[in-house]
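# Results of the structural survey
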Amino acid sequence: MDIISIYFIALSLLSVFVFYLLKNKYRIIFLTLLSCAFIASFSLNLLIYVIAYSLVNYFIGLKMPGSAYKKHLFRTGLVLNLIQLIILKYADFTLSPLFSLINVNADFILKISEIIIPVGVSFFTLQGIGYLINVKMGWEKPEKKLQDFILYITFYPKYLSGPIERSNHFLPQLKVNKKFNEGQVSKGFRIMLFGFFKKIVIANQLAPYVINAYSDLNSINGYAAWILLLIGPIYLYFDFSGYTDIARGLARTYGIELLPNFNRPFFSENMTTFWRRFHMSLSSWFNDYVFKQTAFKFRRWGIYASVTALLVTWILFGVWHGAGWTFMVLGFVQAFAIIYEFFTKKWRLRLFSKAPVSIKVWISRMLTYFFYSISLVFFFSPDISSVSIIFSKLVKIKGTLILINEISSAPFMLLIYIPAIFLLELIENDFGAVYVNLKQIWWRDGKKYMFFRWTIYCLIIIQIIISANLGKPGQFIYANF
Amino acid sequence: MKKFVKKIFFFLSFFCVLFILYNTLFLGILMLTDWDFKKRLESLNFVNPDFELLVLGSSLPEYGIDTEFLTEHLMKSYNLALHGNPLKTSYVQLNEYLVRYSKKPKYVILGLNSFLDEQTEYIHPVVDLTMKSHKFVLNDIPIISLRWFGVEFLKKILSSGHRKTKMSFGQVKSPRVNSDKTDYDILNLDLKEFELSYWIGEIAKLCTQNGIELIIIEMPGVKEKQNLTEIGPRTINFVNGYSALLYNLNNQEFCSFINENKDWVGLSHLNETGALKFTIELLKILQ
């Protein structure tokens, strides 16, 4: 089921009312069934697979504490999780070349992925592994209720593209009696509304330029390549944060809080901070379960333990996005930037100590944005040769600004909406007091204030209706992972 | 929860009222300001029109053929071309004109470019909305069906060049200038596409049946769109057995009269100076 569809919106809104009409003890079952139906809408095989996956992790987690084979159980669980991920997602990249070396036909492995249609596999695998690590380390008790665990894996608002939940954050919320809370539900609807706005009104209008250009790089000129480079992060941000808002808003209407994924990332002053504010649920997952564990394992190496851990973490982070050298380089480039920032921090502070703070801040922000834009070329490009095409076009600027003409005539309103949203983020980021004041004005009591708020919400809905009809519903980028 | 459901009901009612108001206002503004809308309403309300030449097609002939000049120097003309007009709509417009008005034109110029969008069954939204036989569906909500015109309206608010653009005898006369910075390519006109075009064939049939001479013109484009095929004219024989004359006025040599720095609005659209120059050349051919 497409999230950007009237069916999804209608069904999910209706489900909120059904959820609260049900007795508390049936609510989790209802959400679990709803999530299973959502997954089955992609493929029944996928649903069967996800339930089998949940059962394996559930039972391993259940058996681990107090078992004499705790380590073996954990390793078995980890290996099973990784093998299924490799088979479903990386078979073409890893297993096929391996099998061809020993003259074995690997088609049957590729077929598995065709039969199951592994939508959301990268996301639920990290959640499964995270749960096993938590239980093994004793950070969390194993979940006893099977339905709660299945819901943890399958919860439909976050199933396709996260946020990547932590079991010790998600599962305890299911134990709490959920009373209808008007403020909570309204807030959920509002967050969803802004999510749809970001996705449909902004990201979907930028999508044709980014996706078409990357699918036919020979047709673009140097100017277009630069525009493509600079709008890439904006497109990805509005696409993915739009999805996250829809997921978090919908979950909130059921009284479940999902982990945040974005925190005004384009106001970061370096890549280290950027990754604490962009796709936070993924970067924090890799930080906790890969970086810290690796750095601890190699702690005797001193500073090189951190460097090694960083490289391992970020290369895995890149590869998590997909099978291919481009994603590996994407991860490596991030690791390189963070290592560079770590080793040159004191030197940079000394060098720019006399520069005015605001200039330092804004130059740092621009450099961070620019670096991320460049690294995204590896994210969007289908292969390394495409990366070299786009970089060569960036260097040799030829032709005219045709893309600018197109941008200014089609998604015209973007030139208003994107700066407006970034202005709000800037106020929230840099002028906290002003933001609080604005919020207070926005939430003032009284009919005229409510009338004003409702008018704005209605105008947002109208803009969504207009934009939704401008083209085909766009796929969320992160639904590919 | 009851209170919340009540609140949602009030919000939805508020939304419906605002939605209707928004659409009414949007439609009203477009009817008053949009060139295509104004032209459409004007052409539906002619009193005994005696035009001898009608121009059909998309925005290229709408900008590029100066019907006021043709009226002054050749015969009474009107430009019915519309922005983004598919061929089917040109057929619908001509048919409607011939049914509605007793005096038939002598000539019809169909201005085309090489992007033959003939397979589509889509009808230009302004024509669709104002057609007699039109049945209203949900997609006819103005902010959906006419959203593109909303963008044009915004351009008029923000750019004085757009505001200065005027409509005369159906032609959109724009004073804006955008240089053509493209380079020549090696292109040839695909004549087969014309022959196989269902809707051009239907327009040819309609013209023949009404004693009208159809002249098909490949409109000039910017340098990278110009071709090396001869100007012609050549006779195009359509699948339905009818035929028409085609002039390839997008020939590189023919287009040499266009000043690359002064005559374009952008994206192969001629501004009023370019359109006048082109119409003078066209007049020589027609005479």
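Summing up its helical and strand segments, chain A has 21 helices and 0 strands in all. A compact globule built from 481 residues would reach a C-alpha radius of gyration of about 23 Å, and chain A, at 23 Å, matches this within 12%. In terms of principal-axis extent, the alpha carbons of chain A reach across some 65 × 65 × 45 Å. Restricting to contacts in chain A with at least 6 residues of sequence separation, those with at least 24 account for 77%.

A separate point is the overall build of chain B. From N to C terminus, chain B includes 12 helices and 10 strands. Relative to the compact-globule value of 19 Å for 287 residues, chain B shows a C-alpha radius of gyration of 21 Å, a close match. Each of the three principal axes of chain B carries a C-alpha extent, and together these read 75 × 45 × 35 Å. Split into buried and exposed, the 287 residues of chain B put 54% on the buried side. Here the analysis covers contacts within chain B between residues at least 6 apart in sequence; of these, 77% occur between residues at least 24 apart. Total accessible area on chain B stands at roughly 13,600 Å², and carbon and sulfur atoms take up 57% of it. Looking at charge distribution, chain B has the averaged site of its 32 positive side-chain charges lying 12 Å from that of its 32 negative ones.

A few words now on the interface of chain B and chain A. Each partner contributes to the interface: chain B provides 23 residues, whereas chain A provides 27 residues. Each partner contributes to the roughly 2,500 Å² buried at the junction of chain B and chain A, and carbon and sulfur atoms together form 84% of this total. In this assembly, chain B and chain A are joined by 1 salt bridge. Salt-bridge contacts for K7 of chain B lead to E182 of chain A; the nearest nitrogen and oxygen are separated by 3.2 Å. Across the contact surface, chain B and chain A share 1 residue pair in polar contact (both at pLDDT 80 or more). Elements with a contribution of two residues or more to the side of chain B that touches chain A: α1 (2-33), α7 (142-145) and α8 (147-158) of chain B. In terms of residue count, α1 of chain B provides more of the side of chain B that touches chain A than any other element does, 12 residues in total. Residue classes in the side of chain B that touches chain A are distributed as 16 nonpolar, 1 polar and 6 charged.

Our focus in this paragraph is the nonpolar core. Considering soluble globular proteins, one finds that nonpolar side chains tend to be buried as a cluster. Residues F155, Y159, I202, F238, W275 and Y372 of chain A are the most contacted members of the largest nonpolar core, which totals 150 residues. Per-element tally for this core: the top contributor is helix α11 (residues 222-253) of chain A, with 17 residues. Sequence-distant contacts of F155 of chain A, that is, excluding residues within four places in its chain, are made with L31, S35, F170, A251, Y254, I256 and L258 of chain A. In this structure, L56, L87, W199 and L246 of chain B belong to the second largest nonpolar core, which totals 31 residues.

All names here are of chain A. Within the secondary structure, K199 is located in helix α10 (residues 182-215). By relative accessible area, K199 is classed as buried at 1%. One polar contact links K199 to D239, side chain to side chain, over a distance of 2.6 Å.

Residues and elements named next belong to chain B. Where strand β6 (residues 213-218) lies against strand β8 (residues 243-248), 4 bridges are found, and the strand directions are parallel. Within β8, the residue paired with I215 across the bridge is L245. Two elements, strand β7 (residues 234-237) and β8, share 4 bridges in a ladder whose sense is antiparallel. Each residue of the ladder has a partner; that of R234, found in β8, is L246. Remark: 5 residues form the turn of the hairpin made by β7 and β8, two consecutive strands paired antiparallel; G241 in that turn has positive phi of roughly 95°.

Rules and cut-offs
- Residues numbered from 1 in each chain as written.
- Chains lettered and ligands numbered in written order.
- Predicted model: local features only at pLDDT ≥ 70, side-chain atom pairs only at ≥ 80, totals over all residues.
- Heavy atoms only, no water.
- Helix = DSSP H or I, 4+ residues; strand = E, 2+ residues; numbered from the N terminus.
- Rg over C-alpha atoms; globule rule 2.2 N^0.38 Å.
- Contact = heavy atoms within 4.5 Å.
- Buried < 20%, exposed > 50% of the residue type's maximum accessible area, 1.4 Å probe, protein only.
- Areas by Shrake-Rupley, 256 points an atom, 1.4 Å probe, with all protein chains shown as cover.
- Lys, Arg positive; Asp, Glu negative; His and termini not counted.
- Charge placed at Lys NZ, Arg CZ, Asp CG, Glu CD.
- Buried area = accessible area lost by both parts, 1.4 Å probe.
- Salt bridge = Lys/Arg side-chain N within 4 Å of Asp/Glu carboxyl O.
- Polar contact = N/O pair within 3.5 Å; in protein donor to acceptor, adjacent residues only side chain to side chain.
- Nonpolar A, V, L, I, M, F, W, Y, C, P; charged D, E, K, R; others polar.
- Core = buried A, V, L, I, M, F, W, Y, C linked by side-chain atoms within 4.5 Å.
- Pairing = 2+ DSSP bridges.

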